[in-house]
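# Reading the structure
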Amino acid sequence: MALNRCVDLLRRRCCSLLRRAVAPPAPLSSGSVLGFAPPLSRSSSDRTPRAPDTSLFVPVAVRNGEAADGAVGAELTQPLDKGDLLKVLNKFYKRKEMQKLAADQGLDARLFHQAFISFRKYILEMNILSADLHIILSDICCGAGHIDDIFPYFMRHAKQIFPMLDCMDDLRKISDLRVPANWYPEARAIQRKIIFHAGPTNSGKTYHAIQRYLEAKSGVYCGPLKLLAHEIFEKTNAADVPCDLVTGEERTFVDPEGKQSNHVACTIEMCSVTTPYEVAVIDEIQMIRDPSRGWAWTRALLGLCAEEIHVCGEAAAINFITELMFTTGEEVEVHNYKRLTPFSISDQAVENLDNLEPGDCIVCFSKNDIYSVNRQIEIRGLECAVIYGSLPPGTKLAQAKKFNDPDDPCKILVATDAIGMGLNLSIRRIIFNSLVKPSVNEKGEKELVTISTSQALQIAGRAGRFSSVFKEGMVTTMHRDDLPVLKEILNRPVDPVETAGLHPTAEQIEMFAYHLPDATLSNLIDIFVSLSQVDGLYFVCNIDDFKFLADMIQHIPLNLRSRYVFCTAPINKKQPFVCTSFLKFARQFSRDEPLTFDWVCRHISWPLVAPKNIKDLVHLEAVHDVLDLYLWLSYRFMDMFPDANLVREIQQELDGTIQIGVRNITRLIRATEAQSPSSGSESKTPGLGPQSPSLALRRARASKSQANMKEGNRTMEHSLGSRLVQEGLLTPELLQQLRKEWSRDHNQNGNFTKGTAATANRKKKKK
């Protein structure tokens, strides 16, 4: 068989040489050389696909096995000299015509170079090449063949190491996201009515939508937070309308036998796009532009099978939602609402915690600020409640109840922007401790950014709620220099919503994996996003968290669907214990060993004791997140996570333990400071890095002001001193003593630097 194949090959080669001798050489072009058909022309109406990011194409290793036809090529011609081969191959690489032909086949300069390096290594290291390739190379080395004859074999090798080249058209079709409305045929089969309830916070827009939801025979509420879904769940059942609760970690059916009710309150990621409803409510529709979660609002808006879709949110989203619904042929009916109670911007900053009043809420953007402000307030003999994002929902509700209770001595709240939605609070005055918050830019770099108008309004709108005891709200800042900035932010118009988020589905990634079976999940996602096409109404959501988890468990043997589900788990990747637990869960799952209640208890060292310091409290919060992860996975893999009820019981017990810690947070801070070594003038509050965003910004401002030190040194000293007193780093008595020493040293030496050095030396002697 091998001999007959080689004879046939030689016959074809002779015919080829004969044709070459009698016909003029055809010019090299991108169309018809070497048997490659020219690409089909696209109509002018087709959108030209963007070039893929070839840096994401990872070459697949090619095994250097023996040729199937043995050494027939060497027997028919002669052994190949490695030196001659190297010269021939390098000459092939340098030919511009070959590079152009390769580019037409999808090999840009980067891929061409990588493919050539692999091809050269393959030829030089293979002991026995296939007969056809051996004969071609032998002819070229002997001068009987043309160097361009290598190209088909080079491309064959290139497609082996870059399999996506052979299926690029299929990959482009799979990743075409230009008409997401067509993904939901059930919704397109009915004529839906879209009602937009637009208005600021505390305007009653959600209330009116919920009233229609309660009147309907069936309905679904889709909210951004578990707390909001839980609130609607309780209100609906209190109105004698049976309602179920569905979140990522919880399923609660009011029917004792587990039969589904006609109404359901859920987090927006959990809504069903196949169940028919009479009314659907989508809350906080402006989050459709959220860089990470916007896809969930897009999916709900386009996919819910409801006769009426009530969307609630900022007026800045009206035009966009109207335009988006135009693509589905559905009209939007707009109901505008005004705020029920007024709120005003104060003309004065608080400046000192001694000026706090009942009903005040100090908003911080870091745990460091939360701990520091809380400590300073309680030093003044005042009780305060604390709410921040990583607290369990039960603890947040307990702290909110404590603050709202008119009979409780707690009249001050210290919170992050977690109060922006999901909690009903009786706040009289919102006080921004800072106007900057940590953020991650498009390059993945951490930076401090000023809050947006939308964020500021969302938080400020919590003051003077219609249902609270305070019928008028007020907003101000802690520091005087932040107040004009806040006024400018609040007076700006809210940026209009312009795009909606999309996210690749498990089915799309599975189709990608069929064509690229050797690619990792992280690499599949990268290639998908690189090839994806979206029109001007959409964008692909940030996938960094997904890729982080995919890379973490890449070495664990899992089927693609299970791996995808694990990577969509909502975990806090900043918590090392949570990430470690995620890894152990995946490893145990891959062994087909159920994660039992006993296994989980051993992993988290249950039972856990009340926290003794801030570090213990942070760990308990992480353990709560781990139990959340177990519950989330238990609804996706019930047989492998079988003890959800037992885990929920200890999670509720843990929530109570965390509540004890938060109630005694000042004592925990003091205990931590007592255990920590002195760090000079730096804040000794543990747990969240060197300095808070607000402190960092104020220090940056102080650094700028040093340029005018000679003119304003006394003014700066007064401002910095008052800040240090506010932050608990100086007492008023010590500040007064430092001012006296400052004045005396300044008069004696007439030099700022010498005076500062003398003050520092005296402080060292006192210590």
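Residues numbered from 1 in each chain as written. Predicted model: local features only at pLDDT ≥ 70, side-chain atom pairs only at ≥ 80, totals over all residues. Heavy atoms only, no water.

A word on the overall build of the protein chain. For the protein chain, the count of helices and strands is 30 helices and 18 strands. By residue count, 48% of the 767 residues in the protein chain fall in the buried class. Of all intrachain contacts in the protein chain linking residues separated by at least 6 positions in sequence, the fraction that spans at least 24 positions is 75%. Surface exposure of the protein chain reaches about 37,800 Å², of which carbon and sulfur atoms provide 53%. (Helix = DSSP H or I, 4+ residues; strand = E, 2+ residues; numbered from the N terminus. Buried < 20%, exposed > 50% of the residue type's maximum accessible area, 1.4 Å probe, protein only. Contact = heavy atoms within 4.5 Å. Areas by Shrake-Rupley, 256 points an atom, 1.4 Å probe, with all protein chains shown as cover.)

With that out of the way, let us pick up helix H12 (residues 294-303). Burial within H12 is extensive, with eight of its ten residues counted as buried. Among all positions in H12, only Gly294, Ala296, Trp297, Thr298, Ala300, Leu301, Leu302 and Gly303 are buried. Elements that come into contact with the buried residues of H12 comprise helix H9 (185-188), strand E6 (276-282), strand E7 (305-313), helix H13 (318-326), strand E17 (500-502) and strand E18 (538-540).

All chains considered together, the criterion is met by 18 aromatic pairs. Ring geometry for Phe589 versus Phe641: centroids 6.4 Å apart, planes at 20°, classification stacked. Highlighted residues: Phe589 in helix H22 (residues 576-590) and Phe641 in the loop between helix H24 (614-634) and helix H25 (644-663), separated in sequence by 52 residues. What makes Phe589 buried here is its relative accessible area of 12%. Judged by its relative accessible area of 1%, Phe641 is buried. Centroid distance Tyr630 to Phe641: 5.2 Å. Interplanar angle 75°. Geometry classified as edge-to-face. Note that Tyr630 is positioned in helix H24 and Phe641 in the loop between H24 and H25, a separation of eleven residues in sequence. Considered together, Tyr630 and Phe641 belong to a single accessibility category, that of buried residues. Among the aromatic side chains, those forming a connected cluster through ring pairs are Phe566, Phe582, Phe585, Phe589, Trp599, Tyr630, Phe637 and Phe641. (Phe/Tyr/Trp six-rings, centres within 6.5 Å; stacked < 30°, edge-to-face > 60°.)

This paragraph deals with the nonpolar core. In terms of nonpolar packing, the biggest core is built from 163 residues, with Leu107, Phe154, Ile282, Phe566, Phe585 and Phe641 touching the most fellow members. With 13 residues, the top contributor of residues to this core is H24. Leu423, Ile451, Ala460 and Ala463 belong to the second-largest nonpolar core, a separate cluster that totals 27 residues. (Core = buried A, V, L, I, M, F, W, Y, C linked by side-chain atoms within 4.5 Å.)

A few words on the pattern of salt bridges. Tallied over the full model, the rule gives 28 salt bridges. Between Lys437 and Asp417 there is a salt bridge; the shortest N-O distance is 2.6 Å. One end of the pair, Lys437, is in strand E14 (residues 436-440); the other, Asp417, is in the loop between strand E12 (412-415) and strand E13 (429-432), and 20 residues separate them in sequence. Arg492 is the salt-bridge partner of Glu488, the closest N and O atoms lying 2.8 Å from each other. Looking at Arg492, the relative accessible area reads 35%, which means it is partly exposed. By sharing partners, the salt bridges in this structure join Glu357, Asp360, Arg428 and Arg429 into a single network. (Salt bridge = Lys/Arg side-chain N within 4 Å of Asp/Glu carboxyl O.)

Let us look at the sheet that holds strand E11 (residues 384-387). Taken together, six strands build an open sheet; the order of strands is E9-E16-E13-E10-E12-E11 and the sheet is parallel. Looking at which strands have only one partner, the edges of the open sheet turn out to be strand E9 (343-345) and E11. Adjacent strand axes in the sheet meet at a mean angle of 20° when their direction is disregarded. Strands E9, strand E10 (360-363), E13 and strand E16 (473-477) of the sheet are contacted by helix H16 (residues 453-460), whose axis makes an angle of about 140° with E13. (Pairing = 2+ DSSP bridges. Axes fitted to C-alpha atoms, helices over the stretch in contact; angles between N-to-C directions.)

Here the amide bond leading from Trp606 into Pro607 is cis, since omega sits at 5°, within 30 degrees of zero. Positive phi, normally seen in glycine, also occurs at Asp592, with a value near 60°. Tracing the chain through its elements places Asp592 in the loop between H22 and helix H23 (597-604). Using a relative accessible area of 59% as the deciding quantity, one classes Asp592 as exposed. One non-glycine residue with positive phi stands out, namely Ser605, at about 60°. As for its position among the elements, Ser605 is in the loop between H23 and H24.

With six of seven residues buried, E6 lies mostly within the body of the structure. Note: strand E2 (residues 219-223) against E6, four bridges, orientation parallel. Its bridge partner lying in E6, Cys222 is registered against Ile282. Pairing between E6 and E7: six bridges, direction parallel. Across the sheet, Val281 pairs through a bridge with His310, a residue of E7.

Let us look at the pairing of E2. Most of E2 is tucked away: five of the five residues are buried. Burial along E2 is two-sided: Gly219, Tyr221 and Gly223 and Val220 and Cys222, pointing in opposite directions, are all buried. Both E2 and strand E5 (residues 263-267) contribute to a ladder of five bridges, which runs parallel. Looking at the pairing, Gly219 lines up with His263 of E5.

Turning to the side chain of Asp148, a few remarks are in order. With respect to the secondary-structure elements, Asp148 resides in the loop between helix H6 (131-142) and helix H7 (151-161). A polar atom in the side chain of Asp148 sits 2.7 Å from the side chain of Arg95. (Polar contact = N/O pair within 3.5 Å; in protein donor to acceptor, adjacent residues only side chain to side chain.)

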